[in-house]
Amino acid sequence: MSEALVAVEAAGTDSTVPAASGARLFWRRLRAQRAALVAAAVVALLVLIALAAPLLTAVEGQDPTTYHPSLIDSARGGVPVGSFGGIGADHWLGVEPQTGRDLFARLVYGARISLGVALAATLIQVAVGVVVGVSAALGNQWVDQVLSRIADIIVAMPLMIMSLALLAIVPPSFPRPVLVTLVIGLVAWGGVAKIVRAQTLSAKGLDYVSAARLSGWKTRHIARRELLPGLAAPVITYAALLVPMNISVESALSFLGVGVKPPTPSWGQMLTAADVWYQAAPQYLLLPAGALFVTVFALTVLGDGVRTALDPRAASRLRVGTGRKKPADPARADAADEKKEATA
């Protein structure tokens, strides 16, 4: 709430009512959703595996780029030697057909690319979208119209087609993970901008914003101190749902051959090379596909949980794992929880 409005209200009352921290309420609501907690644990484990990829591969004694021709049966067309794709003490998940590269090493290093590109692209989308949305809502009519039409064009453009076109014309010498991140981030920020603009327009007429304006605060100061904190909930909610979508886009671009290039490992790139080996070496296809499915599903469930925790009036789309029946009045339920904590 505006400092100016707080001062006005404080002058007319002798006591204040303590309010629970927004972060405490958020964590309390999130903890009540078991599915979201399990999804958060899965996401944390995947991030830990991606960060610890060099350590894990060092423990195994392998790396993602070394070829092992002795582990490939050339007489059978490049099928790995041994049972289950060459799984053993030296190669925990077996080796790739034709190349003999270690599958475990490529899988954990591929997690770094897929998760890193998705998270970095999401940050770019949020940053650009917030700047454009707030500028459109607080600017004059001409600025609002120009920025809103640009956001509409960005939203209407097919993401995959634009990404394919941009990636095809960039020189191969440019680092592909960085390029994919920039392309996804700069082509798909329109949704964030439209949400931020709508929320900012709604907040402009609230009492605490009006009090700050009457106190003589500049527009930039009002945006930073009054409007941006109120945008945190919708922006975080939308960002949590953008991450799994960006993982899918990166994998699709790599699958189509315009994303991350060999020998850099990526889950989408692994799927591209595995599409002809699903019968001779099924684990080569199932491992990256399963990793993608688990990651996208966990992030989607977590994003839904974050959305419900930030806005308890909106029912979760997941009907399992909520831990308790959704109360008719979330505010009353939160007050009851605070009372129980106080008496305990």
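Higher on the page you've got the structure.
None of these values were measured; they are calculated from a predicted model.

Asker: Please clarify how a nonpolar patch on the surface should be interpreted in this entry.
Answerer: Taken together, the side chains of Phe174, Val178, Leu182 and Leu186 present a nonpolar region at the surface, about 320 Å² in accessible area. Looking at the secondary structure, you find Phe174 in the loop between helix 7 (159–169) and helix 8 (176–187).

Asker: Help me out: how do you make sense of the pattern of salt bridges in this one?
Answerer: Between side chains of opposite charge, a pair can form when the charged atoms approach closely. Within the structure shown, the criterion is met by six salt bridges. Between Arg149 and Asp152 there is a salt bridge whose closest N-O contact spans 2.9 Å. Of this pair, Arg149 and Asp152 both sit in helix 6 (residues 141–156), three residues apart, which is roughly one turn of the helix. Looking at Arg149, the relative accessible area reads 41%, which means it is partly exposed. Ionic pairing is found between Asp304 and Arg307, a salt bridge with its closest N-O pair at 3.1 Å.

Asker: Just to check I follow, could you spell out the packing of aromatic side chains for this structure?
Answerer: Two descriptors summarise a pair of aromatic rings, namely the distance from one centre to the other and the angle between the planes of the rings. Counted under the stated rule, the structure contains three aromatic pairs. Between the aromatic rings of Trp92 and Phe104, the centroid separation amounts to 5.0 Å while the plane-to-plane angle is 55°, which identifies the pairing as tilted. A residue pair is termed long-range when its members are at least 10 positions apart, and Trp92 in the loop between strand 2 (79–80) and helix 5 (103–138) and Phe104 in helix 5 qualify at twelve residues. Judged by centre distance (5.9 Å) and plane angle (10°), the rings of Phe293 and Phe297 are stacked. Of this pair, Phe293 and Phe297 both sit in helix 13 (residues 282–310), separated by four residues, roughly a single helical turn.

Asker: Which parts of the structure should I look at to understand the nonpolar core?
Answerer: A general feature of soluble globular proteins is that nonpolar side chains tend to end up buried together. Counting residues in hydrophobic clusters, the biggest one holds 30 residues, and the most contacted among them are Ile247, Trp267 and Tyr284. At the level of secondary structure, the elements contributing two or more residues to this core comprise helix 2 (22–31), helix 3 (34–51), helix 5, helix 11 (219–255), helix 12 (267–274) and helix 13. Broken down by element, the residue count for this core peaks at nine residues, all from helix 13. Apart from residues no more than four positions distant in its own chain, Tyr284 is found in contact with Glu96, Pro97, Leu103, Met270, Ala273, Ala274 and Trp277. Ala121, Ile184, Ala188 and Val249 belong to the second-largest nonpolar core, a separate cluster that totals 15 residues.

Asker: Please clarify how helix 5 should be interpreted in this entry.
Answerer: It helps to recall that an α-helix has 3.6 residues per turn; residues three or four apart then point in one direction. In a regular helix each residue adds 1.5 Å, so 36 residues correspond to 52 Å; helix 5 covers 52 Å between its end C-alpha atoms and thus fits that length. You can read the cap of helix 5 off the contacts: a side-chain oxygen lies 3.2 Å from the backbone nitrogen of Phe104, and it is on Asp102.

Asker: In this structure, what is going on with the packing of helix 5 against helix 12? I would like to understand it.
Answerer: Any two packed helices are characterised by how steeply their axes cross, that is the angle between the axes, and by the distance between the axes. Relative orientation of the contacting elements helix 5 and helix 12 amounts to 135°, with a least axis distance of 8 Å. Between helix 5 and helix 12, the angle is such that the two are oblique. Of helix 12, the residues touching helix 5 (which contributes Leu103, Arg106, Leu107, Gly110, Ala111 and Ser114) are Trp267, Gln269 and Met270. Its residues placed into classes, the contact of helix 5 with helix 12 shows five nonpolar, three polar and one charged.

Here is what the cut-offs are and how they apply
- Residues numbered from 1 in each chain as written.
- Predicted model: local features only at pLDDT ≥ 70, side-chain atom pairs only at ≥ 80, totals over all residues.
- Heavy atoms only, no water.
- Patch = residues over 30% accessible without salt bridge, like charges linked within 9 Å, V, L, I, M, F, W, Y side chains within 5 Å.
- Areas by Shrake-Rupley, 256 points an atom, 1.4 Å probe, with all protein chains shown as cover.
- Salt bridge = Lys/Arg side-chain N within 4 Å of Asp/Glu carboxyl O.
- Helix = DSSP H or I, 4+ residues; strand = E, 2+ residues; numbered from the N terminus.
- Buried < 20%, exposed > 50% of the residue type's maximum accessible area, 1.4 Å probe, protein only.
- Phe/Tyr/Trp six-rings, centres within 6.5 Å; stacked < 30°, edge-to-face > 60°.
- Core = buried A, V, L, I, M, F, W, Y, C linked by side-chain atoms within 4.5 Å.
- Contact = heavy atoms within 4.5 Å.
- Expected span 1.5 Å × (residues − 1).
- Polar contact = N/O pair within 3.5 Å; in protein donor to acceptor, adjacent residues only side chain to side chain.
- Axes fitted to C-alpha atoms, helices over the stretch in contact; angles between N-to-C directions.
- Parallel < 35°, antiparallel > 145°, perpendicular 65-115°, else oblique.
- Nonpolar A, V, L, I, M, F, W, Y, C, P; charged D, E, K, R; others polar.

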